[in-house]
Amino acid sequence: MLPSVVFWGLIALIGTSRGSYPFTHSMSPHLHPRLYRGCYGDIMTIETAGATCDLNSLISCGIRGSEMFAEMDLRAIKPYQTLIKEVGQRHCVDPAIIAAIISRESHGGSVLRDGWDHRGLKFGLMQLDKQIYQPVGTWDSKEHLLQAVGVLTDRIKAIQKKFPTWNTTQHLKGFFLL
């Protein structure tokens, strides 16, 4: 997974200007959707500058650029909504975080070739690097998503161990800055 603060793009998937919240539906029907944030933080509390800006892409950068990318990815990610929620619940991760990574890394799988990135080095919706991990399952399977979210939680736990005085939001943001 390519860590990046640009994951804000998926904020649009969980709360676009139209007010939809498709990925923050609580695992418990008694909780308001905004109350489910998992064990690793709340994506809605992280401040970021959004998509990286450079001279060639000034129109699609910053917070608005990230929102634009996320809105484009919404249709591609929507079929995985239930799977994202199930895996999030199993690993105690806010589904919005998982959806954000899927949007950032593979645009909901829409840019993949048989599950691989354009160089053939990263695999799956969350783009596990084959040089580090042995991917399991098909690129869009529950088995593979469980593996990728397991990697995510292991890396967040490593940040927690390295920086024990940080709060939950700092630990989550620290993962994206690795």
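Now for a quick tour of the structure.

Conventions we followed
Residues numbered from 1 in each chain as written. Predicted model: local features only at pLDDT ≥ 70, side-chain atom pairs only at ≥ 80, totals over all residues. Heavy atoms only, no water. Axes fitted to C-alpha atoms, helices over the stretch in contact; angles between N-to-C directions. Helix = DSSP H or I, 4+ residues; strand = E, 2+ residues; numbered from the N terminus. Parallel < 35°, antiparallel > 145°, perpendicular 65-115°, else oblique. Left-handed = near helix turned anticlockwise from the far one by under 90°. Contact = heavy atoms within 4.5 Å. Nonpolar A, V, L, I, M, F, W, Y, C, P; charged D, E, K, R; others polar. Core = buried A, V, L, I, M, F, W, Y, C linked by side-chain atoms within 4.5 Å. Buried < 20%, exposed > 50% of the residue type's maximum accessible area, 1.4 Å probe, protein only. Polar contact = N/O pair within 3.5 Å; in protein donor to acceptor, adjacent residues only side chain to side chain.

### With respect to the packing of helix H3 (residues 81-91) against helix H4 (residues 95-106)
Phase 1: Remark: H3 packs on H4, axes separated minimally by 8 Å, with the N-to-C direction vectors making an angle of 125°. Classified by the interaxial angle, the pair formed by H3 and H4 is oblique. Judged by the twist between their axes, the crossing of H3 over H4 is right-handed. Contacts from Ile 84, Lys 85, Val 87 and Gly 88 of H3 reach H4 at Pro 95, Ile 98, Ala 99 and Ile 102.
Phase 2: Each residue belonging to the contact of H3 with H4 can be placed in one class, and the counts come to six nonpolar, one polar and one charged.

### Quick look at the nonpolar core
Phase 1: Counting 29 residues, the largest nonpolar core has Ile 84, Ile 97, Ile 98, Ile 102, Met 126 and Leu 145 as the members making the most contacts within it.
Phase 2: The set of elements that each furnish at least two residues to this core consists of H3, H4, helix H5 (142-162) and helix H6 (168-177).

### Here's the deal with the side chain of Gln 127
Phase 1: With respect to the helices and strands, Gln 127 occurs in the loop between strand E1 (122-123) and strand E2 (128-129).
Phase 2: Accessibility expressed as a relative area gives 2% for Gln 127, which makes it buried.
Phase 3: At a separation of 2.7 Å, a polar atom in the side chain of Gln 127 contacts the main-chain carbonyl oxygen of Gly 124.

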